[in-house]
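# Report on the structure
Okay, here's what each chain looks like letter by letter:
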Amino acid sequence: MDFALTAEQEELRRAVATVCEKFAEPYWQRLDREKRYPEEFVRALSEGGWLAALIPTEYGGAGLGMIEASLILEEINASGGNGAACHAVMYTMGALVRHGSEEQKRRYLPEIASGRLRLQSMAVTEPQAGSDTARITTFARKESDGYLLNGQKVFTSRVQHSDLMLVLARTTPIDRVIKKTDGMSLFLVDLHRAGSSIEVRPIETMVNHETNSLFINDLALPAEALVGEEGSGFRQVLDGLNAERILIASESVGDARWFLQQSISYAKERVVFGRPIGANQGIQFPIARAFMHTQAASLMRLRAAASFDAGKPSGAEANTAKLLASEAAWEAAEVAMTTHGGSGMTVEAGIERKFREARLYLVAPVTNNLVMAYVAEHVLGLPRSYGMEGIG
Ligand SMILES: Cc1cc2nc3c(=O)[nH]c(=O)nc-3n(C[C@H](O)[C@H](O)[C@H](O)COP(=O)(O)OP(=O)(O)OC[C@H]3O[C@@H](n4cnc5c(N)ncnc54)[C@H](O)[C@@H]3O)c2cc1C
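Remember, predicted model here, so these are calculated numbers, not experimental data.

Procedures and definitions
- Residues numbered from 1 in each chain as written.
- Predicted model: local features only at pLDDT ≥ 70, side-chain atom pairs only at ≥ 80, totals over all residues.
- Helix = DSSP H or I, 4+ residues; strand = E, 2+ residues; numbered from the N terminus.
- Rg over C-alpha atoms; globule rule 2.2 N^0.38 Å.
- Buried ≥ 20, exposed ≤ 12 C-beta atoms within 10 Å, placed from the backbone.
- Axes fitted to C-alpha atoms, helices over the stretch in contact; angles between N-to-C directions.
- Left-handed = near helix turned anticlockwise from the far one by under 90°.
- Contact = placed C-beta atoms within 7 Å.
- Nonpolar A, V, L, I, M, F, W, Y, C, P; charged D, E, K, R; others polar.
- Near = placed C-beta within 6 Å.
- Domains from an automatic or database assignment.
- Core = buried A, V, L, I, M, F, W, Y, C linked by C-beta atoms within 7 Å.
- Expected span 1.5 Å × (residues − 1).
- Pairing = 2+ DSSP bridges.

As a further point, take the overall build of the chain. Regarding its fold elements, the chain presents 12 helices and 10 strands. The C-alpha atoms of the chain give 21 Å as radius of gyration, which agrees with the globular expectation for 392 residues (21 Å, within 12%). Across its three principal directions, the C-alpha atoms of the chain cover 80 × 50 × 40 Å. Per-residue burial for the chain yields a buried fraction of 47% across its 392 residues.

Now the structure itself:
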């Protein structure tokens with residue numbers, strides 16, 4: 001068992017870090033202040049082909065694996081940046097790769113790989129359903145030449161910076177299916193064609209994340225917009241969730257590395273009571289502990305990515321990695337705040353921005369409570385605590 005990265009993977013890390021060096025702390029602070037999308041950063045990553053890591057080479061992508069994709073996102077967040085602006089293209093197009101028709105793949109994947117088209121948005125969450133996805137009510141009614149979509153979504157991120165969006169909708173009402181996760185379908189929506197059928201209302205949040213409420217009124221979709229099999233949308237989304245969890249865990253590992261680096265530097269240079277604060281065990285032990293938790297989370301994330309790449313079931317590993325990494329990042333964030341004293345609260349230090357950003361991953365894309373419920377039931381065989389079919 002070898003836990004070391006290959007020379008190529010180390011090289012990939014360095015190459016991504018080189019791109020990120022051009023987008024230093026002042027860039028991210030300015031965006032945060034202006035609540036602006038990192039357009040220039042996303043363009044630089046697309047031009048370097050980094051966002052096409054998981055698209056097979058036959059469709060113009062890099063054909064890399066989950067380990068490489070996770071290293072790319074880790075490096076972005078470890079540099080002080082925020083991969084959330086563009087991570088969705090990596091996991092949303094997984095649904096297209098695995099379940100799309102050959103026609104859909106040939107039409108969209110090369111365009112996505114080149115960066116000419118962006119698939120950055122996925123609308124699953126609804127105000128009334130919350131974590132209980134089977135309770136969504138957005139409905140796609142079958143018409144002679146396609147579907148008519150109506151409903152409401154919440155927390156749909158990056159719609160304004162996407163050309164395409166995946167939407168999960170019911171095609172059969174919940175009271176007419178045997179299993180409540182049946183009867184949902186996945187649609188690929190061309191946002192330019194949607195026009196006024198989708199009203200987008202931005203939601204102000206504590207992070208610069210561009211998330212929105214969507215009000216969908218009589219959106220006409222062609223039959224070709226359906227991805228995969230009608231009625232199997234939930235399973236198709238589930239299929240991509242392990243990838244999503246591994247990638248989010250990687251961003252959290254990157255965040256934790258960044259917080260630790262800031263803490264270590266400050267603890268060495270800040271002198272109080274005549275010595276560096278890092279000489280005090282009250283400061284150095286929490287840093288050491290957060291470092292060890294980050295290392296453990298990172299290993300679990302690599303194990304999850306390796307299982308995923310080997311085509312093995314990876315629900316237990318991906319969920320475990322997501323919880324451990326988001327908690328390690330949050331612990332490192334707290335430690336950085338403590339280490340920096342009052343300076344941690346200044347905008348200039350950047351800690352408070354990352355602090356807010358790291359908090360998100362305890363909640364999204366799935367809350368850690370539901371991750372624990374998954375592990376308790378599906379890995380440990382404990383009785384089911386809620387009515388979902390399984391989220392891993
Ligand atoms: C900034 C941001 C961006 C997002 N982007 C997207 C996006 O692009 N697309 C998208 O579809 N969604 C997105 N989301 C939504 C996100 O996935 C949900 O917020 C998350 O899944 C939780 O759902 P909820 O907010 O409805 O919480 P709820 O389901 O209402 O849960 C509230 C609390 O109760 C707990 N809880 C609920 N049921 C149980 C139970 N049985 N046992 C124990 N605890 C329970 C939860 O863990 C949580 O702590 C985003 C959210 C945010 C904040």
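What follows picks up the thread again.
Moving on, we get to the packing of helix α1 (residues 7–21) against helix α4 (residues 66–78). For the pair α1 and α4, the least separation of the axes is 9 Å and the interaxial angle reads 35°. Handedness of the α1/α4 crossing: right-handed. Across the interface between the two elements, Gln9, Leu12, Arg13, Val16, Ala17 and Cys20 from α1 touch Ile67, Glu68, Leu71, Ile72, Glu75 and Ile76 from α4. Grouping the constituent residues of the contact of α1 with α4 by class yields eight nonpolar, one polar and three charged.

Gly130, Ser131, Phe155, Thr367 and Asn369 are the nearest of the 24 residues found near the ligand. For the shell around the ligand, the secondary-structure elements that each account for two or more residues are β1 (119–123), β3 (146–157) and α12 (368–379). Partitioning the shell around the ligand into residue classes produces 13 nonpolar, 11 polar and no charged. When residues are assigned to domains, the shell around the ligand turns out to be shared by domain 2 (119–231) and domain 3 (235–379), each giving three or more.

Inspection of the secondary structure assignment puts Ile67 in helix α4. Once the C-alpha coordinates of Ile67 and His99 are considered, the two residues, 32 residues apart in sequence, prove to be 22 Å apart. The residues contacting Ile67, other than those within four sequence positions of it, are Gln9, Leu302, Ala305, Ala306 and Asp309.

The next subject is the nonpolar core. If you look at the biggest cluster of nonpolar residues, it comprises 110 residues, and the most contacted ones within it are Ala53, Phe187, Ile246 and Ala332. The element contributing the most residues to this core is helix α8 (residues 233–269), with 15 residues. Discounting chain neighbours no more than four positions away, the residues touching Phe187 are Ala140, Leu149, Val167, Ala169, Leu221, Ala225, Leu226 and Val227.

For an α-helix, the turn length of 3.6 residues means that residues three or four places apart are oriented alike. Under the 1.5 Å per step criterion, the end-to-end length of α4 is 18 Å for 13 residues, consistent within 8% with the ideal 18 Å. With respect to burial, α4 is a largely interior element, 13 of its 13 residues being buried. Within two residues after α4, Gly80 carries a phi angle of roughly 105°, on the positive side.

Another aspect to go through is the pairing of strand β2 (residues 139–143). Alignment of β2 against β3, held across five bridges, turns out to be antiparallel. The residue bridging Lys142 from the neighbouring strand is Tyr147, located in β3. Between β2 and the antiparallel strand that follows it, β3, lie two residues.

Another aspect to go through is the domain arrangement of the chain. Taken domain by domain, the chain comprises domain 1 (7–114), domain 2 (119–231) and domain 3 (235–379). In this assembly, 26 residues from domain 1 lie in contact with 25 residues from domain 3. Where the side of domain 1 that touches domain 3 is concerned, the elements lending two or more residues are α2 (25–34), α4 and α5 (88–99). A total of 10 residues in the side of domain 1 that touches domain 3 trace back to one element, the largest contributor, which is α4.

Moving on, we come to the packing of α5 against α8. The relative placement of two packed helices comes down to the angle between their axes together with the axis-to-axis distance. Packing of α5 against α8 brings their axes to within 9 Å, and their N-to-C directions diverge by 145°. Handedness of the crossing formed by α5 with α8: right-handed. Residues Met90, Tyr91, Gly94, Ala95, Arg98 and His99 of α5 pack against Gln236, Val237, Asp239, Gly240, Ala243, Glu244 and Leu247 of α8. Of the residues contributing to the contact of α5 with α8, the split by class is six nonpolar, four polar and three charged.

Here the focus is the environment of Met300. Summarising the element assignment, Met300 is placed in helix α9 (residues 281–309). As for Met300 and Lys180, which are separated by 120 residues in sequence, their C-alpha atoms are 32 Å apart. Other than its neighbours up to four places away in sequence, Met300 contacts Glu317, Thr320, Ala321 and Leu324.

A few words now on the environment of Leu149. You can see Leu149 is positioned in strand β3. According to the C-beta neighbour criterion, Leu149 is buried, with 23 such atoms within 10 Å. As for Leu149 and Asn217, which are separated by 68 residues in sequence, their C-alpha atoms are 6.9 Å apart. Here Leu149 is in contact with Thr138, Ala140, Ala169, Phe187, Ile216, Leu219 and Leu221, once residues within four sequence places are set aside.

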